[in-house]
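Examination of the molecular architecture
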Number of protein chains: 2
Amino acid sequence: MESDSEFGDPCNCPIRDVLDRIGSKWAMVVVFMLEAEPQRFNMLARSIPDVSKRMLTRTLRDLERDGIIARTVFPTNPPSVEYSLSEMGRSILPLFWKLIDWSVEKHANIRESRRRFDSGFASDALLN
Amino acid sequence: MESDSEFGDPCNCPIRDVLDRIGSKWAMVVVFMLEAEPQRFNMLARSIPDVSKRMLTRTLRDLERDGIIARTVFPTNPPSVEYSLSEMGRSILPLFWKLIDWSVEKHANIRESRRRFDSGFASDALLN
DNA sequence: CTGTATCCACGATGATACTG
DNA sequence: CAGTATCATCGTGGATACAG
């Protein structure tokens with residue numbers, strides 16, 4: 001599962017490879033936080049109250065590694081680090097927004113569907 | 001974390017609630033498999049070789065519960081069950097396709113970025 | 001054929017303490 | 001401030017056997 005620079009393997013598709021990352025728990029949130037302007041580490045941490053430093057660091061590193069965001073260190077004292085969206089990072093914002101729109105639009109619908117599903121008629125509801 | 005029909009809690013946002021589901025490992029794949037025509041359980045299982053029955057079942061149940069897909073039982077012998085996209089399920093296909101397009105378009109870019117990142121200049125690469 | 005039930009492994013994530 | 005290190009935990013997901 002290592003030597004896969006080719007598409008011979010049908011599961012080496014970009015979809016899994018790319019979307020698994022940006023679909024991770026915090027990636028999308030972080031990208032949104034950077035939409036308006038660059039942010040420093042602790043500013044992000046404060047803006048996303050329920051993320052641990054550990055996970056925030058990892059998310060930022062992964063996004064940086066993928067070239068979605070850029071990390072800039074300012075040699076101040078104490079040091080400050082600024083994260084910003086790259087051009088590629090910006091290019092995915094419209095898609096994210098469309099997903100948000102869809103979610104908001106369908107949210108009530110989905111919750112209603114869940115309620116009905118959970119209300120008794122589970123699985124094979126031909127019974128009763 | 002139960003009585004939350006309101007948006008008072010910033011984390012009751014549709015995004016997490018909706019996207020976490022459709023962003024699950026197999027949901028998107030299943031939705032795509034159903035785009036052309038309804039499929040039966042084992043047909044899906046065969047089309048997605050690396051999914052376990054357990055996970056396929058769970059994915060289908062979750063999507064059904066959310067109203068993304070419909071489950072129809074035909075009282076044949078042996079029984080056959082058909083899964084199909086609901087109208088709401090269809091409505092998300094364009095967004096999925098856009099994500100695919102983005103992934104395919106940026107895949108090379110991202111892989112290149114990863115290579116550079118992994119090639120020595122990890123973390124604070126202001127050196128060199 | 002279409003699942004369910006169990007057990008288990010692993011990664012993802014959180015909590016906490018420590019560092020440059 | 002901006003992390004890293006370490007440990008504990010929890011859910012996701014796979015394997016297998018069983019069932020209607």
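What you see is a predicted model; the values in this text were computed from it and never measured.

The rules behind these values
Residues numbered from 1 in each chain as written. Chains lettered and ligands numbered in written order. Predicted model: local features only at pLDDT ≥ 70, side-chain atom pairs only at ≥ 80, totals over all residues. Heavy atoms only, no water. Helix = DSSP H or I, 4+ residues; strand = E, 2+ residues; numbered from the N terminus. Buried < 20%, exposed > 50% of the residue type's maximum accessible area, 1.4 Å probe, protein only. Contact = heavy atoms within 4.5 Å. Areas by Shrake-Rupley, 256 points an atom, 1.4 Å probe, with all protein chains shown as cover. Near = heavy atom within 4 Å. Polar contact = N/O pair within 3.5 Å; in protein donor to acceptor, adjacent residues only side chain to side chain. Least-squares fit on C-alpha atoms with pLDDT ≥ 70 in both. Salt bridge = Lys/Arg side-chain N within 4 Å of Asp/Glu carboxyl O. Nonpolar A, V, L, I, M, F, W, Y, C, P; charged D, E, K, R; others polar.

Attention now moves to the overall build of chain A. When you go through chain A residue by residue, the secondary structure sums to 6 helices and 3 strands. The order of α-helices and β-strands along chain A, N terminus first, is α-α-β-α-α-β-β-α-α. Buried residues in chain A amount to 39% of all 128 residues. A sequence separation of at least 24 residues applies to 47% of the contacts in chain A between residues at least 6 apart. As displayed, chain A offers around 7600 Å² of accessible surface, 54% of which is attributable to carbon and sulfur atoms.

Another point: the protein's contact with DNA strand D. Residues in contact with DNA strand D amount to 20 residues; listed here are only the nearest, Lys53(A), Arg71(A), Tyr83(A), Arg54(B) and Met55(B). Within the side chain of Ser52(B), one N or O atom sits 3.3 Å away from a phosphate oxygen of DNA strand D. In the environment of DNA strand D, a base oxygen lies 2.7 Å from a nitrogen or oxygen atom belonging to the side chain of Arg54(B). At the level of elements, helix H3 (41-47), helix H4 (53-65) and strand S3 (80-85) of chain A together with helix H4 (53-65) of chain B are the ones that each hand at least two residues to the surface near DNA strand D.

Once that is clear, we can look at the relation of the copies chain A and chain B. The transform that puts chain A on chain B rotates by 180 degrees and translates by 0.0 Å along the axis, for an RMSD of 0.1 Å. Both copies of the chain, as the preceding transformation shows, are related through a two-fold rotation axis. No C-alpha of chain A lies nearer the rotation axis than that of Gly23(A), which sits 3.1 Å from it. When you check the interface residues of chain A against chain B, 96% turn up at the interface there too, and the contact is symmetric in its surfaces.

For the structure shown, the criterion picks out 20 salt bridges over all chains. Here Asp118(B) makes a salt bridge to Arg65(A), at a shortest N to O gap of 2.3 Å. Here Asp118(B) is found in helix H6 (residues 93-118), whereas its partner Arg65(A) is found in helix H4 on a different chain. Of the residues examined, Asp118(B) reaches a relative accessible area of 49% and is grouped as partly exposed. Owing to a relative accessible area of 18%, Arg65(A) belongs among the buried residues under this scheme.

Now for the protein's contact with DNA strand C. The full set close to DNA strand C counts 21 residues, and Arg54(A), Lys53(B), Thr57(B), Arg71(B) and Tyr83(B) are the nearest of them. Close to the protein, within 4 Å, the atoms of DNA strand C belong to sugar or phosphate groups at a rate of 66%. A distance of 3.1 Å is found between a base oxygen of DNA strand C and a side-chain nitrogen or oxygen belonging to Arg54(A). Interatomic distance of 3.4 Å between a backbone N/O atom of Val81(B) and a phosphate oxygen of DNA strand C. For the surface near DNA strand C, the leading source of residues is H4(B), giving 4 residues. Split by residue class, the surface near DNA strand C holds 8 nonpolar, 4 polar and 9 charged.

Taken together, the contact pairs 47 residues of chain A with 46 residues of chain B. Applying the counting criterion to the chain A and chain B interface returns 8 salt bridges. The tally of links from chain A across to chain B stands at 16 residue pairs in polar contact (both at pLDDT 80 or more). Of all the elements in the fold, those that place two or more residues in the side of chain A that touches chain B are helix H1 (14-22), helix H2 (27-33), H4, strand S2 (69-74), helix H5 (87-91) and helix H6 (93-118) of chain A. Tallying contributions element by element places H6(A) first for the side of chain A that touches chain B, with 16 residues.

A word on the side chain of Arg114(A). Relative to the assigned elements, Arg114(A) resides in helix H6. A distance of 2.7 Å separates the side chain of Arg114(A) from the side chain of Asp66(B), its partner in a polar contact. Not counting the four nearest positions on each side in its chain, Arg114(A) is found in contact with Asp17(B), Arg21(B), Arg65(B) and Asp66(B).

Geometric values such as these leave the question of function open.
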